[in-house]
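One-letter residues, chain by chain:
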Amino acid sequence: MSAQAAPAPVPVPGRVDFLDGWERAVRVHGDAPALVTPARVLTYRAMDRLTDAWAGSFTRRGAGPGRIVGLAFGDPAGAVLGMVAALKSGAGFTVLDERLPRPARDDLVRRVGAVVWAGDGKHAPDGAYVPDGAYVPDGADTGWTRRADADGPDEHDVAYVLFTSGSTGRPKGTVVERGSLGRFAAAVTERLALTSADRWLQVASLGFDVVIEEVFPALVAGAAVVCRADSEPLEPAELHELTGATGATLVELSTQYWLEYARWLDERGLTTPPRLRTVVVGGERMDPEPYRAWQRRQPAALAHVYGLTECTVSSTLYTGLLPADAQEVPLGTPLRDVLVTVRRDGCPVPAGESGEIHIGGPLVARGFLDDEAATRRRFTPDPYGAGPGARTYVTGDLGRFDETGNLVFLGRVDDQLKIRGHRLEPALVERALCASPDVDQAVVIPDPATGTALWAFTVPADPELSPPPGTAPRLPAADRDALVARLAAHLPDWAVPRILHRVAALPKTPHGKVDKRTLATWAGEAGGAPAGADGRTDGRTDGQPGGRTDGHAVRADARRDEALDGVLGMFRDVLGQPRLGPDDNFFDHGGQSLLAMRLLTRLRERFPAAAGLRASALFSLPTPRLLSEALSSRPATEP
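Residues numbered from 1 in each chain as written. Predicted model: local features only at pLDDT ≥ 70, side-chain atom pairs only at ≥ 80, totals over all residues. Heavy atoms only, no water.

Observations concerning the overall build of the chain
Each helix and strand in the chain was counted, giving 17 helices and 26 strands. Here the chain holds 639 residues, and the buried ones make up 58% of them. The contacts in the chain between residues at least 6 apart in sequence include a share of 68% that link residues at least 24 apart. As displayed, the chain offers around 26300 Å² of accessible surface, 52% of which is attributable to carbon and sulfur atoms. (Helix = DSSP H or I, 4+ residues; strand = E, 2+ residues; numbered from the N terminus. Buried < 20%, exposed > 50% of the residue type's maximum accessible area, 1.4 Å probe, protein only. Contact = heavy atoms within 4.5 Å. Areas by Shrake-Rupley, 256 points an atom, 1.4 Å probe, with all protein chains shown as cover.)

Some thoughts on unusual backbone geometry
With a phi close to 60 degrees, threonine 312 is a non-glycine residue in the positive phi region. Along the polypeptide, threonine 312 turns up in the loop between strand E12 (301-306) and strand E13 (316-318). Phi at aspartate 370 takes a positive value of approximately 55 degrees, unusual for a residue other than glycine. Mapping aspartate 370 onto the fold places it in the loop between strand E18 (367-368) and helix H10 (372-378). Residue aspartate 370 is classed as exposed on the basis of its relative accessible area of 70%.

Re the packing of helix H2 (residues 44-60) against helix H3 (residues 76-88)
Interhelical geometry of H2 versus H3 gives an angle of 65 degrees and a closest axis separation of 8 Å. Both H2 and H3 take part in a crossing whose hand is right-handed. In this structure, H2 uses Met47, Asp48, Leu50, Thr51, Asp52, Trp54, Ala55 and Phe58 to contact H3, whose residues at the interface are Gly78, Val80, Leu81, Gly82, Val84, Ala85, Ala86 and Lys88. Residue composition of the contact of H2 with H3, by class: 10 nonpolar, 3 polar and 3 charged. (Axes fitted to C-alpha atoms, helices over the stretch in contact; angles between N-to-C directions. Left-handed = near helix turned anticlockwise from the far one by under 90°. Nonpolar A, V, L, I, M, F, W, Y, C, P; charged D, E, K, R; others polar.)

Comments concerning the environment of valine 484
Relative to the elements of secondary structure, valine 484 occurs in helix H12 (residues 477-488). Valine 484 gets classed as buried once you look at its relative accessible area, which sits at 8%. Taking the C-alpha atoms as reference points, valine 484 and arginine 498, separated by 14 residues in sequence, lie 7.3 Å from one another. In this structure, valine 484 is in contact with Val496, Pro497, Arg498 and Leu500, ignoring residues within four places of it in sequence.

Regarding empty space enclosed by the protein
All chains considered together, the criterion is met by 4 cavities of 30 Å³ or more. What the second largest cavity holds in volume is close to 50 Å³. Lining of the second largest cavity is provided by Pro236, Glu260, Arg263, Trp264, Glu267, Arg268, Arg598, Thr601 and Arg602. Residue assignment for the lining of the second largest cavity shows that the elements contributing at least two residues are helix H8 (255-268) and helix H16 (593-606). (1 Å grid on protein atoms, 1.4 Å probe; cavity = no way out; pocket = protein on both sides within 12 Å on 5 of 7 lines; lining within 4 Å. Points joined across faces, edges and corners; volume = space filled by probe spheres on them.)

What about the pairing of strand E20 (residues 391-401)?
Counting buried positions along E20 gives 8 out of 11 residues, so the element sits mostly inside the fold. Pairing of strand E17 (residues 355-360) with E20, which is carried by 5 bridges, proceeds in the antiparallel orientation. Directly across from isoleucine 359, in E20, lies its bridge partner tyrosine 393. Of the pairings in the sheet, the one linking E20 to strand E21 (residues 407-412) comprises 5 bridges and is antiparallel in character. (Pairing = 2+ DSSP bridges.)

Regarding the pairing of E12
Across the 6 residues of E12, 5 count as buried, placing the element largely inside the fold. Note: strand E11 (residues 278-282) against E12, 5 bridges, orientation parallel. Across the sheet, valine 280 pairs through a bridge with alanine 303, a residue of E12. Examined bridge by bridge, E12 and E13 share 3 bridges and lie antiparallel to one another. When the bridges of E13 are listed, tyrosine 306 appears paired with threonine 316.

Right, here's the structure in full:
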């Protein structure tokens, strides 16, 4: 048996740069759409002239090889133009995610040291600007010419710096070189068979590395990148409508969002829009049955991808028809220029055996920004790589190659979690919880039912607040809100636990580790009842807020109020909480963005007044009573 089922990559010879592919696309597809927005369509020729003008503006402000241009646009199309223009100037780029808390954004701006910031978003740093040149006519002097001499950019110069999710503390800035970006764009174009007839709908957060995959392969293929007016999360109905209206042929979704879209289609007996040919899905482990169900019912094909920011987005891709007896959805086979090995004790193991996944080849990033120790730890010399100086990235993921040569994911080497496509070290959140003077110990686990949100279990610093041993009631609302507010000021939304339990002590396994299964069991037995002021549960059986005893009156009110009754039922169904009360908070009971989308979809089907609501409305209307009152007083035609 061979040591590995996946062959070593054969690198594309010679210098590789995204701009080579871009200029080829401009020559061949000059009059074809390159960037499609709600306001206008830019052809390749028009976008080339406009990004020339922007590149000249960046260059005059100091951009060049080895420098960084910061981008902070509220408009995704502006970010796409800025990325291409930054590369033309010889510089790399970084994108500031508007969803980051303010302290995290400020820290990122300081660390990246951009020579210039472009953008008009509310999150843009002081001094950011939007370059002139909304329209540049043919033959106009843009003030910029590509340098192909020794002073121009090299393939080892930085192409971009994007920040990981901060799985072990401060987010790490991953430095990807121009050659890696160029090779990646060409490899994805090849594997997905992209052509100038394709339109790739851009939906990822602009600070997430998936945006690289949505933009650059399309642009070297002569295809169009389709951008929305903003980067607000799309609900399934909006995604479906937009995909059809724009004629998008490809879209990339996180695993959990794809599951929500698949559910939405199935509930309505719908199929994907006729022009949508491929849905790229990745970010988390995929269960086989939803994958098979999609392949049976939907005309759009699935492409299952696996990769990391540190290895230029995606490294493997699977597009096969999943066999009926498959226990896992494979991660697929490596892209061109990618070397994937499975190793144990540093040595590759035979196909079929499990070990730690290593990724090598020229798509591996340079390393982490200003963090040599972490770079040495994760980017290591590779004696099994191709050529001198080869390196491999140690992923921390377990896997094996199956008999067909496909990589199969088997879990994590450590305790790192994946929450809605983001890697997370639980200790990061646990340390943040313990920073509160009211918390002595803490542990977080994924929601056992969906895995899309975090649950936290805290041991109170004051023993008087401890619940009875062997129980895990919810924290009182005031205590929960205080902890959530503390975490939300420093962590991204997906990393903030929304369900917080209180325990007298953390249970341990015979090996001395925290027994997370027991914690999940205690939480289930608590039935959603919060702890009272003294730490004990309040004995509620009707799901009403603590201290309220007029359950019969509340239920009578609910029966009399048809809107409240309907909204309450939907809250209970979506959250899986049959005892939820009219005044219980959506986010206190496991609510998160994907479930909010599901709830709003159901509300629109019953209440005409919900037609214009977005899932974000639940932040200000988080209880069935508040939401039903708002719907009752809201005109059905209100936008």
